[in-house]
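Listed below, chain by chain, are the residues.
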Amino acid sequence: MNSHSKSCSAILLASTKCIGIIVCSFLMTASNVRAAEPHIRRITPAGLSSGQSRSISLIGERLSDVTGILFYDQRLKASEFKVTDDKNITFEVAADPSLNNDLYAFRLISKTGLSNMRLLGVNKFPSVVEVEPNSDFESPQVIELQQTIDGTVRNEDVDYFAVELEAGQTLSVELEGLRHASDQNFFDPSLAILDANRFEVASNDDATLLRQDCLCSFQALQAGRYIIEVRESSYGGNDDCLYRLHVSNQTRPVTMIPAGGKPGELLQATLIDDLGNSWQEEFQLPDSPTESFSVWSNRNGVQSPSPNYLRVVELENYVEAEPNGDMKSVAPVSVIPAAFQGVLQEENDEDFFAFSAKKDQRFEIQSVTRSAVRSPADTVLNIFKLNGNHLAGNDDNKGPDSFLDFKAPEDGDYAIRVRDHLGRGGIDFVYRVELNAKSPSVQTDIAEQSRYQSQQIVVPQGARTAIEVKVNRRNIGGDAMVNLEGLPAGLSAEAVLCPADRSSVPIVIRSSSDTALSATLASIRTVITQGDTSITGPLRQRTQLIRAQNNVDVWGFDCNQVAVAATEAAPFDIEVIQPGVPLVRDGTMNLKVKLHRKEGFDGQVRLRLVYNTPGMSANGSIRIEKDVTETEIPITANGNATLGVWAMSLLAWTSIDRGDIKLSSEPFTIEIADRIFDFAFNKAMGEVGKPIDVLVGVKQKRVLEGTTEIELVGLPPGTTCDASKVVFDPTAEQVVYRLNVPADAKPGSFKTLNCRGTITSDAGVITQTNGTGEVQIDVPLVAAPAAPAPTASPEPAAPKVLTRLEQLRAMRESN
Amino acid sequence: MKCSGNVFARRGFLSVGALGAVGLSLGDFLRMKQVQAEQKHYDFIEPKADSVIHIFLPGGMAQQESFDPKPYSPIEYRGEMGTVRTNNGEIFGETMQRLAGLADRFTVIRSMTHGEAAHERGVHNMFTGYKPSPALVFPSFGSVVSHEYGPRNNLPPYVSIPNVPNEFASSGYLSSSYGPFALGADPARDGFKVQDLNLAGGVDFDRFKRRREALEQVNQYFADRQSSDSVVAMDSFYDRAYSLISSDKAREAFNIDAEDAGLRDKYGRNEAGQRLLLSRRLVEAGVRFVTMTYSGWDHHAQITQNFRNNMPALDQALAALLEDLDSRGLLERTLVMVSSEFGRTPKINPDAGRDHWPKVFSVMLAGGGIKRGLIHGASDSTATEPDHSPVGPADLATTMYHLLGIVADKELMAPGDRPIEICDGGRVLNEILA
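About the thresholds
Residues numbered from 1 in each chain as written. Chains lettered and ligands numbered in written order. Predicted model: local features only at pLDDT ≥ 70, side-chain atom pairs only at ≥ 80, totals over all residues. Axes fitted to C-alpha atoms, helices over the stretch in contact; angles between N-to-C directions. Helix = DSSP H or I, 4+ residues; strand = E, 2+ residues; numbered from the N terminus. Parallel < 35°, antiparallel > 145°, perpendicular 65-115°, else oblique. Left-handed = near helix turned anticlockwise from the far one by under 90°. Contact = placed C-beta atoms within 7 Å. Nonpolar A, V, L, I, M, F, W, Y, C, P; charged D, E, K, R; others polar. Buried ≥ 20, exposed ≤ 12 C-beta atoms within 10 Å, placed from the backbone. Core = buried A, V, L, I, M, F, W, Y, C linked by C-beta atoms within 7 Å. pLDDT = per-residue confidence, 0-100. Pairing = 2+ DSSP bridges.

Remarks on the packing of helix α10 (residues 271–285) of chain B against helix α11 (residues 303–327) of chain B
Residue and element names in this part refer to chain B.
Move 1: Across the interface, α10 lies against α11 with an axial gap of 8 Å and an inter-helix angle of 20°. Comparing the axis directions of α10 and α11 gives the class roughly parallel. Remark: the crossing between α10 and α11 carries right-handed chirality. Facing α10, whose interface residues are Ala272, Gly273, Leu276 and Arg280, α11 presents Ala313, Leu314, Gln316, Ala317, Leu318, Leu321, Asp324 and Leu325.
Move 2: Taken together, the residues of the contact of α10 with α11 break down into eight nonpolar, two polar and two charged.

Structural data, given as C-alpha cells:
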C-alpha cells in the first residue's frame, strides 16, 4: 500500500510520499535539432511488470531534443535512451518490485521544455504482447491465467484470447483502455467472455469503479476453453487505442465497506467483487488525513489489477445496522463528527442515521459515494428533525454527489436520509456520507495558460517565467503567504503575499545564467495565519487526459506537485516599461514593451499578460513581428475594476518547430485608480441642416499635473465637429461642442456619443472614456430656412448654453 | 404524411371515383376538403424581388467584429480589432474594408434577437423563422419558395452551395421534392463540376431516354399500389433533374468557367468568391433561392486572428457581388441576405474568443426592395441586447417573404391535416423597405 492524495473528482492519484526528483539523462543519437514542447502520442507497450525492465517506444512530435524522463514515482527508472528522429524515441524502463498495480505518470524533458503527461501501467503479472491475427473466434491467441496482455484495437478490430478453465474455476478480466488514452483519443473498450459455442457468459462495457474501462468475471460450470473478446464499444479503434488486459483467476473488489477510516487505523473492511462475493481484509491507513487513499486487495496472494480508494479522515465510522429504513428505528450516534456508510441493498432502499446537535451548530454534510468510493449509487441526502419535518435536502451539489451546509435550528436530534436518485439498489451500491463541522482550509491551483493543459513551470536559462497561483480559501479569510518550494538548483522564486481581498497572485520564477538543465517536481505551500493559529494548504493540480463532448472532464491525473524544468536560454528577452501613471476606471493605457533579440533571432514574438486583474483586460494577441523590437499593449479598466496596485508580469513566446519557447518580463505594477472625470450628457436635439450644440457636464474629481483635454467621439454619421477636442480648465463645469449637421445627414436618434478625457504629463497619459450621450436629429416638418452661418465654439465668457430642459423651461416662462 | 388509417375499415369501402386508386375514402376526402377550406389563403402580392441569395455564415458570426463594433467600450467588450469608417459615416470591423465602401447600398439590422444559444436551434430559427418544435419539422425559406413558385427556366428553384448546409435547410413537413438541389462540389476548386448534372460516362441521350422509361414503369408499379410522398417526391425530383440535364441553357448556369476571368478574380479565387459568383450566375439564370455557406464562424478562441483569416475573402466577394448585381441591374430584383445563427458574447473569453450570444446580433440585407444605406435598430453600448427596434427571426422571414410576394401568414398543410402558417407572428419591417 502506498499513501496517495486525490481530489474528490480525481480518478488517479499521485503518490505524495514517493514522488521525487527523477531526471534521466541520455545520450542522443539524433541530430541536435531545436524543438519545443515535446508531445507524446503513443506508448508501446503501454506498461510493464513490476520487478522487471522493458523496452518502451514513444511516438510523438518534437522529440528531437528530448534529454530524459521525469517520472512522478522514483521507483521507475529509465536507461538506454535513443532518439531515433523527431517523432520516435526508445528507452528501457525498470520497475521496482515494490510498485503496486497502478498507472504511473511521467513527462519527457527536453532542452526547451516538458512534454504532455502520460501514464505507464505497472502490474505484477508477466506481460505478454498481443499477436495478430487474433481477430477470428476460431483461431484466438492462447494465453494463460495470471498474465497481462498488451494489445491494440484498430478500426473494426476484435481481439480474441483463449484460456482453459477447470470446472468451478473463476476467470476475472480487467481492461485498461481509456486509462491509457490521451489527446482526446476517446478509447471506450468493451469486454466479453464467451464459451466454446460462442455463447456470451459474461460481458461488461463500463465498470463504475473504472469509468469507461471494463471488468468482467465468470465462474466456469464446465471445464473447457473460454474466449475473451476485446473490442471498442462501437467497433472503432486506431493505432493509438492501446490496452492492457489483466487476466486472473481471482476476482477483485469493486467496493468496500466501510469506505474509509481514521488516520493510523488498521481498518477491517468487507470487500465485494463483481460476482457478489464478499470477504474481509485489513488495511493499514496512513498517519495523515488523505482524501483518497489507494489500497489493493491481496485475496489469495493475488493483488487486484488496480486500486480501490478509501477516505482517511478524523471521523468516527458508523456502518448501517438494519433495520434503519425509517426514522423511528434509528437512534442518534454517540460521537460526531462522523462518517455514515452502508449499502442500498435493493430498489427504493432508504437508510436513516441520526445525530444530536445544538442550536446554530453548523455542519457540512457531504456524500463521497461517487467521487471517492466510486460506487454506482447516485445519492440524495435529506435532513429531518428526528421523527419530524423535512429541513433540507440535496441531490447533486458535488455532481453527482450531494452536499449540504446545515445549521441546526434548535437543540435536538436530527436524521439524515440516504437514497439513490433513481431508487436503484444492489450489493455494490455502497455509500459514504460524512458529517463534519465547518472547518477552514486553503489550497492552491495554477491557472492554465493554455486551456485544458495543466500549467508547468519551464524557465529558460538567464530569464524568468511567471505563473498565476489561484488561492482557494474555504471558511477562512485573510492574507495568504504563497511559497513555491523544491525548485531545482539555479531556479528561485520569492514567497509572495496574496492579500485578503484577492484570490490569485502571480509568482515569478527566475533562472540564473549558469543553471544546469534539469527537471523536478515542486510544491506550493500556502499559509494563512490568523492570531495564534495558522493553516497550511497544498497545491491541487489536475491534468486532464481525456475530455468528452462539451469538454467534460472524464479522465485525468491529480497531483499536489508541479513539474518544473530549467531549460536552455531563449533567443530573446522581454522588457516592460513601468507605467508612470495609473490606469483609471473606464480608462485605457498603452503598455510599452521592448523586445531584446539575441543575435540571429528574427522570429515573431507573441505577448499577453500573465493574468487580468478584476475589471481590467488587455489585448491578448499582440505580436512583435520580424525585425521589430517595440510595441504597445492596450489595456482597459471597466467601471467596476477593483482598485489597488497589482503585481503583474508579461508573458512572451516564440514558436520553434511548431512548439513554443516562453518566458516572462520582470515584474511590474499596474495601479488601478478611481475615475478622474464625471461626465454628464444632456440629450441634444436639432434638425438636419442646422448645427446642434452638445453640452457635456464635466467634473474633474482630482487635479493632476499635466494638460487636460476633453474630446467628443462617436459622432453621428455624416456630422462633424470643428473643435471636438478642447483643453479643459479643471475648474470649469461643462464643455459645449458644436456639431455640424449637413442637410443630407441621416435623421434619427444616435446614442453613440462618448467623451474621452486625457491628462498628459511627462509621466504618461491618463485616458478615461465614458458614454453614451444621445443626439436626436430630426427632419423639419416644414422646409427649413437657410441655415445660419456656423459660429465658433463659445468662449468661456459667452452666454451660457441652455440644456434642452432649460430651453423648455425658458419657453414656458416666456409664454 | 397524413395517416390514412386502416384501409379495410368499413368506411374505407366508400371510395370517391379515381381517388380510390390511391386509397382515399370518402371520409378522408371530405375531411381533407374541410381542412383545406379552413386554411388561411392569400394571393401573391406584388413581389419586389425575384430571387434571394442567402449567405449563411455557420457557427455564429460576431457582431462586434463585423457590422456592430463598439470601439469605446473596454477591451473585454470591444475586442482587439479596429474599425473602419463606412462611406455613409457608420463604422464596421476593420476587416470589412470593401463593404465599408459600399455601405450606402445595403441595410444592416443591428438588433436581430432570439433566445436560442445552441447551434442547431439557432440555425433552425434563422432558416425557418420558427423556434424548433419537437412536434414538427418546419420547411426552410428555400423550400417554401420552391413550394410557392416552383421552378423557372428548367432550373431547380432552390439550390444550396456547395452542400445542404444543415438539417434545417430542407423541406421539413413539405414534400421532399421541395428540398434543395445541392451542388455537391465547391466551385472554388479547379475542375469544378456539379454532380449528376451530366449524363453518366458511356450513356448517350437515347440510352438515357430508355432508362428513364424503364424507371417510370417501375415507379408506376409502386404508385399504383401505395400512396407515398417519397415515391411522388422522387418522381418530381427526377422530372426536374431530367429537365435540367436536357436543357443546355439550364446546365450552362452551373458552368462557372464561362465567367470572365477578370470577374472571377474580382470576386476572389477562393471559396467565398467563387461560391458567390456562382450564386449570382444561378439567380441570373432563374434559380429562385440560393443558400450559400462560407467558412466557420464559431470563434470560441482567437477571434481576432480568425476574423482576419475569414472575413477578407467574404468582404471582397460580397462587395464584388453587390457591385456586379448592381451593374447588371439585378440588385433591385435580387435580395441578398447575410445571416448567421446568432451573435457572440459581449465579453471576450479567456481563450481570446467569444461564445454564443443570440440576444443581439446583426444581419445584412441588400437589393430586392430593401433600402440602401440604412442601419436599422441598434444594440446597447456593449452589444449585449437590442437598444431599440428589436427584430426577431419571424420578422426577418416575414419581410423576406413579403419582398418575394408571399404573404407569410398563408397556411401550408402539415402532417395530420394541420394548416401551419408559413411564418407565424412576424411583421413586415416596413422601415427597411425602399
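What to know about helix α12 (residues 393–403) of chain B
Residues spaced three or four apart along an α-helix face the same direction, because each turn holds 3.6 residues.
Residues and elements named next belong to chain B.
Move 1: For α12, a buried count of eleven out of eleven residues is recorded, marking the element as mostly surrounded by other parts of the structure.
Move 2: Buried residues of α12: Pro393, Ala394, Asp395, Leu396, Ala397, Thr398, Thr399, Met400, Tyr401, His402 and Leu403, and no others.
Move 3: Gly405 occupies a position one or two residues after α12 and carries a positive phi of about 90°.

So, the nonpolar core
Move 1: The biggest cluster of nonpolar side chains holds 207 residues, and the ones touching the most others in it are A:Tyr104, A:Ile193, A:Ile507 and A:Val694.
Move 2: What A:Ile507 contacts, discounting residues up to four positions off in sequence, is A:Ala466, A:Ile467, A:Val469, A:Val482, A:Leu484, A:Ala493 and A:Val496.
Move 3: Counting 103 residues, the second largest nonpolar core, distinct from the first, contains B:Phe106, B:Phe181, B:Val290 and B:Phe307.

A few points about the confidence of the model for chain B
Residue and element names in this part refer to chain B.
Move 1: Summarising the model, chain B shows a mean pLDDT of 85, and 83% of its residues fall at 70 or more.
Move 2: Across residues 1–24 the pLDDT falls below 50, and counting only partners more than four positions away or on other chains, this stretch makes 26 contacts in the model.
Move 3: With pTM at 0.79, the complex prediction returns an ipTM value of 0.71.

Regarding the interface of chain B and chain A
Accessible area lost upon the coming together of the parts serves often as the stated size of an interface.
Move 1: Residue-level contacts link 16 residues of chain B with 18 residues of chain A.
Move 2: The set of elements that each furnish at least two residues to the side of chain B that touches chain A consists of α2 (75–78) and α11 of chain B.
Move 3: Residues belonging to the side of chain B that touches chain A are distributed by class as follows: five nonpolar, six polar and five charged.

Focus: the sheet that holds strand β49 (residues 583–584) of chain A
Residue and element names in this part refer to chain A.
Move 1: As summarised here, the arrangement of the three strands in space is β49-β58-β55, forming an open sheet in which the pairing is mixed. Every interior strand has two partners, whereas the edge strands, β49 and β55 (644–648), have only one.
Move 2: Alignment of β49 against strand β58 (residues 668–673), held across two bridges, turns out to be parallel. Paired with Val584 across the bridge in β58 is Ala673.

Focus on the pairing of strand β14 (residues 158–165) of chain A
All names here are of chain A.
Move 1: Side chains Asp159, Phe161, Val163 and Leu165 of β14 all project onto a buried face; the interleaved residues Val158, Tyr160, Ala162 and Glu164 project onto a face where none is buried.
Move 2: Inspection of the sheet shows strand β12 (residues 141–142) paired to β14 by two bridges, in the parallel sense. Directly across from Gln141, in β14, lies its bridge partner Phe161.
Move 3: As paired strands, β14 and strand β19 (residues 224–232) are joined by eight bridges and run antiparallel to one another. Across the sheet, the residue bridging to Phe161 is Ile228, located in β19.

Looking at the sheet that holds strand β5 (residues 158–161) of chain B
Residue and element names in this part refer to chain B.
Move 1: Strands sit in the order β6-β5-β7-β1-β8-β11-β4-β12 across an open sheet of eight strands; the sheet is mixed. On the outer flanks of this sheet lie β6 (181–182) and β12 (374–376), each paired with one strand and no other.
Move 2: Relative to β6, β5 runs parallel, the two being bridged by two bridges. Within β6, the position partnered with Ser160 by the bridge is Ala182.
Move 3: Contacts from α11 reach β4 (106–112), β8 (334–339) and β11 (361–366) within the one sheet, and its direction differs from that of β8 by about 170°.
Move 4: Its contacts with the sheet put α12 on β1 (51–56), β4, β8 and β11, and the angle it makes with β8 is roughly 165°.

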